[in-house]
Amino acid sequence: GAGVSQSPSNKVTEKGKDVELRCDPISGHTALYWYRQSLGQGLEFLIYFQGNSAPDKSGLPSDRFSAERTGGSVSTLTIQRTQQEDSAVYLCASSSAGTSTDTQYFGPGTRLTVL
Amino acid sequence: AQSVTQLGSHVSVSEGALVLLRCNYSSSVPPYLFWYVQYPNQGLQLLLKYTSAATLVKGINGFEAEFKKSETSFHLTKPSAHMSDAAEYFCAVSDFPSRGNTPLVFGKGTRLSVIA
């Protein structure tokens, strides 16, 4: 079946603008994760959704970052007032049940460049 | 919190040679461990995972890894490198149970180059 999809694949924005990144998880997967991949920091966890539970936002680097998941499916990561240090590849992953042994399936990522 | 350390940011091997990518973890409890591969401009793909069953885990594309508790290691190996193995490899640990949920904690990655 279809894998995890993300859009856009590339986003270039100016410092101070808001951006929205979209993730479509694998159908039926209850867990959804956002990670950020940057040269200086490697792969970092941002936020995690599991079913109807409150999301785990403990990885969000600042209050400029937020995410929502509508209808238990599509998720949007929003970055307000973007800064140059936000430039990175944002990866979304989903897993079937969100347990510790589940495989997380990753999308191709959105490359964000903040000028 | 748990963490993983990948020794060597870049490893270069000749085609047909043994591939050995090193990963050490820090955990006070038996962890769950994963190896992912990332090809250029793509997302991460699972190679294999250790979930406390067999200590020798076989994955896709001829890769395998052995969980060694005494050495806190989970090194990735492949007997014979192929040109198509050139990619970035990430070791990861499930940050459990300290967090009570399941985000992955990744190592910094090792870029594998295969020389013809």
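In this report, we go over the structure that sits alongside the text. This one's a predicted model, so the numbers in the text were calculated from it and none came from an experiment.

**With respect to the overall build of chain B**
A count of helices and strands for chain B gives zero helices and eleven strands. Listing the helices and strands of chain B from first to last along the sequence gives β-β-β-β-β-β-β-β-β-β-β. Its C-alpha atoms give chain B a radius of gyration of 14 Å, within 12% of the compact-globule value 13 Å for 116 residues. Total accessible area computed for chain B in this model is approximately 5400 Å², and 53% of it derives from carbon and sulfur atoms. Charge separation in chain B, taken as the distance between the mean sites of 9 positive and 7 negative side-chain charges, equals 5 Å.

**Side note on the state of the cysteines**
In a disulfide, the sulfur atoms of two cysteines are covalently bonded to one another. Under the definition given, this model contains two disulfides over all chains. Covalently, A:Cys23 is tied to A:Cys92 through a disulfide, its sulfur atoms 1.8 Å apart. For the disulfide bridge between A:Cys23 and A:Cys92, the dihedral angle about the S-S bond is near -65 degrees, and by the sign convention the bridge is left-handed. You can see A:Cys23 sitting in strand β3 (residues 19–24) and its partner A:Cys92 sitting in strand β8 (residues 88–95), a full 69 residues away along the chain. Residue A:Cys92 is classed as buried on the basis of its relative accessible area, which comes to 0%. With a sulfur-sulfur separation of 2.0 Å, B:Cys23 is cross-linked through a disulfide to B:Cys91. Since a negative S-S torsion denotes a left-handed disulfide, the B:Cys23-B:Cys91 link at about -65 degrees is left-handed.

**Things to note about the interface of chain B and chain A**
Contacts between chain B and chain A engage 21 residues on the former and 23 residues on the latter. Across the chain B to chain A interface the summed buried area is about 1700 Å²; carbon plus sulfur atoms make up 52%. Area buried by chain B at its contact with chain A is led by B:Leu44, B:Thr102 and B:Phe106, which between them contribute 28% of it. Summed over the shared surface of chain B and chain A, the number is zero salt bridges.

**What about the pairing of strand β2 (residues 10–14) of chain B?**
On a regular strand, each side chain points to the face opposite its neighbour's, so the side chains alternate between the two faces of the sheet. Residues and elements named next belong to chain B. Judged by which residues are buried, β2 turns out to be one-sided: Val11 and Val13 face inward and are buried, whereas His10, Ser12 and Ser14, on the alternate face, are not. The pairing of β2 with strand β11 (residues 110–115) spans five bridges and is classified as parallel. Considered in β11, the bridge of Val11 is made with Leu112.

**Description of the pattern of salt bridges**
Residue and element names in this part refer to chain B. Under the defined criterion, the tally for this structure stands at five salt bridges over all chains. Lys58 serves as the salt-bridge partner of Glu64, at 2.7 Å between the closest nitrogen and oxygen. The class for Lys58 is exposed, based on a relative accessible area of 61%. Residue Asp85 pairs with Lys78 through a salt bridge whose shortest N-O separation is 2.9 Å. The residues Asp85 and Lys78 share a single accessibility class, namely buried.

Rules behind the numbers
Residues numbered from 1 in each chain as written. Chains lettered and ligands numbered in written order. Predicted model: local features only at pLDDT ≥ 70, side-chain atom pairs only at ≥ 80, totals over all residues. Heavy atoms only, no water. Helix = DSSP H or I, 4+ residues; strand = E, 2+ residues; numbered from the N terminus. Rg over C-alpha atoms; globule rule 2.2 N^0.38 Å. Areas by Shrake-Rupley, 256 points an atom, 1.4 Å probe, with all protein chains shown as cover. Lys, Arg positive; Asp, Glu negative; His and termini not counted. Charge placed at Lys NZ, Arg CZ, Asp CG, Glu CD. Disulfide = S-S within 2.5 Å. Buried < 20%, exposed > 50% of the residue type's maximum accessible area, 1.4 Å probe, protein only. Contact = heavy atoms within 4.5 Å. Buried area = accessible area lost by both parts, 1.4 Å probe. Salt bridge = Lys/Arg side-chain N within 4 Å of Asp/Glu carboxyl O. Pairing = 2+ DSSP bridges.

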